[in-house]
Amino acid sequence: MAPKRRAARQSADASTLVIVESPAKARTIKRFLGDGYTVASSIGHIRDLPASAAEVPKNLKGKDWATLAVNVDEGFRPVYIIPTDKKRVVTELRTELKGADQLLLATDEDREGEAIAWHLVEVLKPKTPVRRLVFHEITRSAITKALSQTREIDQRLVHAQESRRVLDRLIGYLVSPVLWKKVGSGLSAGRVQTPALWLIVQRERERMAFVSADYCIPIATLAPAEDSETAFEARLISLDDRDLATAADFNPDTGMLRAGSRARLLPEADAQSVIQALADATFQVTDVAKRPRTRRPQPPFITSTLQRAASTRLRLSPRQTMRVAQQLYENGYITYMRTDSPALSAQATSAARTAVRAEVPQERERDYLPERPRAYRARSARAQEAHEAIRPAGRRFRHPDDLGPDVDADGRRLYRLIWQRTLASQMSDAQFEQTRVQIAAEAGDHGKAVFQSNGQVVVFDGFLRIYAGERSGERMLPDVSPGDRLQVRGIDLGARETRPPDRWTEASLIRELESLGIGRPSTYATILETVQGKYVERKEGALVPGWHAFAVIQLLEAHFPELVDSQFTARMEDGLDRVAEGSLNPLPWLSAFYFGGDIESENDGAGMLRDGLRQRIEASQDAIDARAVCTIPLPGSNGSPIAVRIGRYGPYLEAVENGARTQAPDDVAPDQLTAEVAADLLAKAASGDEPLGTDPASGLSVFLKSGRRGHYLQLGESRGAGRRRPKTASVWPMYSPESLSLNDALDMLAYPRTLGTHPESGTRVTVQDGPYGPYVKCGKESRSLPGDGDERYAKLASIELPEALEILSAPRQPRRRRAQPAALADLGAHPASGANITVRDGRYGPYVTDGELNASLPKGRDPASVTLDDAVALLTARAERVAAQGGRRRRTGTRRRRR
DNA sequence: CAGTGAGCGAGCTTCCGCTTGACTT
C-alpha cells in the first residue's frame, strides 16, 4: 500500500485539482488522495440550455429559434447558459483552478458524465493540462490505478449527450405548444413523460372497456380422518373431464369465455347443483405429486428496484426513498443511490459474505454461502453502469443495529432493507418441496368432479433467512396417499368475479419504464411528479389519469404517434450508441429528425418522425381538430352517446343528442364514469336542485344555483333539447342564499325594469343587473349606477326615470382615471425620465408603472418591499422585451416599432 | 359553463438529466 501512495503523489507533484459531480464523492476520494490534491465538485451539470425566455441571452432575441436555444439552421448548435444556481459553483471552481497546475476531471464514465467534463473545460478554460480520470469503484487501489491511466475527453460521447439533449429539447419545446393551443395551456409532452402517460391512460382505457364475468370455483374443506386437525382446502378444477373456467379464460372486453376456449363456465346455479350432487359422494385421493423447487435470491438493489421494494415494503414514495437514501449516502452508510448496475465490487462481495457468516450458525456457513460468489449484471442493455449496486458502504458492512444517531427512523428501515438485500444476493438458493394432491368424487349427472390442492414447504430457507420474499408463505398439506378416503367438512360456492387489470402504482410504473429503457435513475421520481402535476391523481397508491390526459394522448396518438410509442427511446438510443462509438454523424441524424429525410438512408433520424418534426408541427396547426381531440367518448352509451369534453373551464359532460352539458365530476375516476353515471349527472343538472318554488306568472320553477361568480337564480329548466336559454339573475349581495324566499327571488328575476322612455329619442330606459353590477341602459348608451356594493342595488330597486336620465346624460368616466387601480405605493421619480413611479394592483397581480409602461412584479414578490431601484430594473427589462417583440413583429410584416 | 352594458399592464407555460441545498408548508 505504501509504495502505491508514494507513486500517486509523485505523479501529481505540486497541486492537482480533481473535479467530481457530487460533494459526498469528493469527500470520499479525498481520503485516498495525497496532499497534492484538491477535490471539488460540480454539483451535476454546470451548463444547460436556457429553460425559459427570461434566461435566453439577449443577442438571440428575435431569432425564431430563440426559445429553443438550438440553432436549427446551423448545425443544431445549442446555446448554453450557466443557470443562476450554478454561478456560485463555477466561481468557486475557477478559484480552485487558479492554484492548480493540473486538472483532472473525474466525473462518471457515461454520456452525461463525459459531457459534464467537457462543459467544465469549456467554462473554466484551464491553462493547465487537463486529463480525464475514470474509476468505477471508490477504493484506494481503483483510484491509484486510474491515476496512472488518465485519458482525453471522449468527444464522441460528448456528441452523443449533446444530441440527446437537443433531441429532447426539440420534442419538448415544439410539441408542448401544440398542446397549449389545442387542449390547454401549461400542458407538456416529452420523449419520456409521454410514453409514461400513455401507459397510464391505456390501462385506464382497458379498465373502462372491461366487462366483468361471474363464475364459481367451489372449494371443499377436507380432512384425512374425522378427528384430524389437518383439514385443508381443495378447489374444483374439472367436471366430467372438462377444466373449469378460471379468470384467464375470459375475454376482458366481453365478459364471455374467450373464443375457442374449451373451459367449462360454472355459473352460480350450476355450482349449487354440483355441490348438492356431491353431498353424499366419496372423496378419494387419486394422485399425490411432489417436486422440489428452488428460488434464487434477487440481485442487489439498483435505483428502480430500491424504489420498488421501499414502496411495497416500507410504504415510501420514490421521492422519499431517494431523500432518505441521499442522507445515508452522505453520511457514508451506503454507496451511491442513482445507479443502473446491480454489480458488486470484489470488496463488496467479500464484505457481504463476511456479514452473512455472522448471521448464520457457524457449522452451517457452507450451506448458506455458495462456494463461488454470485455475480450480477444489468438486465437492461441500455444500462450505462457508471456505479455499482446500492449496498452498505465500505469493506466491512455495518450491522443495521449499529447505525449512528445521525440516522432517523426511515433511514434505519431503508438501510436494513439494503443490507438484507445485499447479503441475500450472495446467499444460497432457498429450497421448497411443492405438493399437489388431486381428489376425485362423483357428482351425479355432472360427472366426475376433480379437486386439487397445492402445498409448499420450505426445506431450506437459504437467502430467505435474511431477506424474506413477499410470497414465501408455507402451506402445509397432510400426508395422504392415493386411495385414501377423505372427510368432507363442507363445500363452499367459491363465487368469483373477474377483475379489471390493476392501475399502475408509482413502483410498478418505474419498473415498467426501466424495462423499456425510458428515463434514468436520476429521473424516475421526477417523471412521476411531472405526470402527477399535470395529468394524473394518485388515489390509494394507484395512478388515475384525468381527462386532460386522455385528450393529450388522443392528440399525440393521432398526430405524433412516434412519441407515444415506448420504442421511441430505444430507437433514439440506438442512434446515440452509434454516435458514441463514432459510426454515425449526429448532424444528418438530427437533421433528418427535424427537417425530414430519406428513411432508407442510415441517417434517417432513427425513423422517428419520417416527415421531419418541423413539418409535422406546422401541419398540426390545421390538421388537428381541437374539438375532436378534446372529445372523449364514454363507452357503453348505446343510442345516446355521451362524451367528456375538455373546455376552457375544465372537463364537462355533453350528450351528443341534445347538447345538454354539465361539469364532469372530479372525484369520479374515468373507469367509474360509465354512460349511465354520466346520464344521471346530466339529468340532475338539467333539473337543477330543488326549486325554490313556482313563478305564478309563467308557471316555471325558480331554481337557486351556484356558479363561478356566486349564487344566481334561474327561471325554468336549463338549456336542453329545443329549450331556450332560461332567464337568470344574480342574488343581490344583501340577501343570504340560504334563507332566500320565493318572493325575494321573483323580485330579482323581475329585472330589467322599464322606467319609461327617453324624452328625446323615445327609446326605452331600463335598469338591470349585469356582470359588472347594476346599470341603466337606453339603446346603446349605458352607465353603471353610482355607489358602492349594496348602495348600487338599493338604487336599482328605487331609481326612477329622472335620475336615470341624469346618469345617462353625464359623460362616461374618463378612461384612464377609472381604469387605473389605486397606487399601493409611490416610489418617486424615475432617475432618468423623471416620471413618477407607482406600484399598483391590477388584474394580473401587482405591477409597477411609470404611467406609460407597466411591468409585473415577479411571482411571490411582496409589493410592499419594492424599491425605486427594483422598479427601474423591472421597467428597463420590460422595455427591452417590448423592443424585442417589436423586432419579431417587423419580421411578420408589421413595420411599427414600439419603444 | 349565468348574463353580458366598459375599460383596464401581458406574458408565460414546455423538455431530459446531472446534482444539492434553499426555499416553504
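A brief report on the enclosed structure follows. Note that the structure is a prediction, hence the values are computed from the model and not measured.

Examining the overall build of chain A
When its secondary structure is counted, chain A shows 27 helices and 33 strands. Whereas a compact globule of 899 residues would reach a radius of gyration of roughly 29 Å, chain A reaches 37 Å, over 25% beyond that. Expressed along its principal axes, the backbone C-alpha trace of chain A runs to roughly 115 × 95 × 60 Å. Relative to its 899 residues, chain A shows a buried fraction of 46%. Long-range pairs, those at least 24 residues apart, make up 64% of the contacts in chain A between residues at least 6 apart in sequence.

Re the pairing of strand β17 (residues 542-545)
What you see with β17 is no split at all: Ala542 and Val544 on one side and Leu543 and Pro545 on the other are buried throughout. In this structure, strand β16 (residues 536-539) lies alongside β17, joined through 4 bridges in antiparallel fashion. Across the sheet, Glu537 pairs through a bridge with Val544, a residue of β17. From the end of β16 to the start of β17, which pair antiparallel, there are 2 residues, and Glu540 there has a positive phi angle of about 50°.

Quick word on the nonpolar core
Counting residues in each nonpolar core, the largest one holds 103 residues, and the members touching the most others are Leu170 and Leu613. Looking at this core, the element that brings in the most residues is helix α6 (residues 155-182), giving 11 residues. Leave out the neighbours within four places in its chain, and Leu170 touches Leu68, Val72, Phe76, Val175, Phe593, Tyr594 and Leu613. In terms of nonpolar packing, the next biggest core, distinct from the first, is built from 45 residues, Leu314, Tyr329, Leu414 and Phe460 among them.

Topic: the pairing of strand β2 (residues 37-41)
Most of β2 is tucked away: 4 of the 5 residues are buried. Inspection of the sheet shows strand β1 (residues 16-20) paired to β2 by 5 bridges, in the parallel sense. Residue pairing across strands places Val20 opposite Ser41, the latter belonging to β2. Remark: the β1/helix α2 (residues 23-30)/β2 crossover connection has right-handed handedness.

Observations regarding the sheet that holds strand β27 (residues 764-770)
Here 4 strands make up an open sheet; going across it, the order is β26-β27-β28-β29 and the pairing antiparallel. Looking at which strands have only one partner, the edges of the open sheet turn out to be β26 (753-757) and β29 (781-784). When the angles between neighbouring strand axes are averaged without regard to direction, this sheet yields 25°. In terms of strand pairing, β26 meets β27 through 4 bridges, oriented antiparallel. Across the sheet, the residue bridging to Gly756 is Val765, located in β27. Against the sheet, helix α24 (residues 790-798) touches β26, β27, β28 (773-778) and β29, its axis set at about 40° to β28. Against the sheet, helix α25 (residues 801-809) touches β26, β27, β28 and β29, its axis set at about 100° to β29.

Criteria and cut-off values
- Residues numbered from 1 in each chain as written.
- Chains lettered and ligands numbered in written order.
- Predicted model: local features only at pLDDT ≥ 70, side-chain atom pairs only at ≥ 80, totals over all residues.
- Heavy atoms only, no water.
- Helix = DSSP H or I, 4+ residues; strand = E, 2+ residues; numbered from the N terminus.
- Rg over C-alpha atoms; globule rule 2.2 N^0.38 Å.
- Buried < 20%, exposed > 50% of the residue type's maximum accessible area, 1.4 Å probe, protein only.
- Contact = heavy atoms within 4.5 Å.
- Pairing = 2+ DSSP bridges.
- Core = buried A, V, L, I, M, F, W, Y, C linked by side-chain atoms within 4.5 Å.
- Right-handed = clockwise from strand over helix to strand, strands pointing away.
- Axes fitted to C-alpha atoms, helices over the stretch in contact; angles between N-to-C directions.

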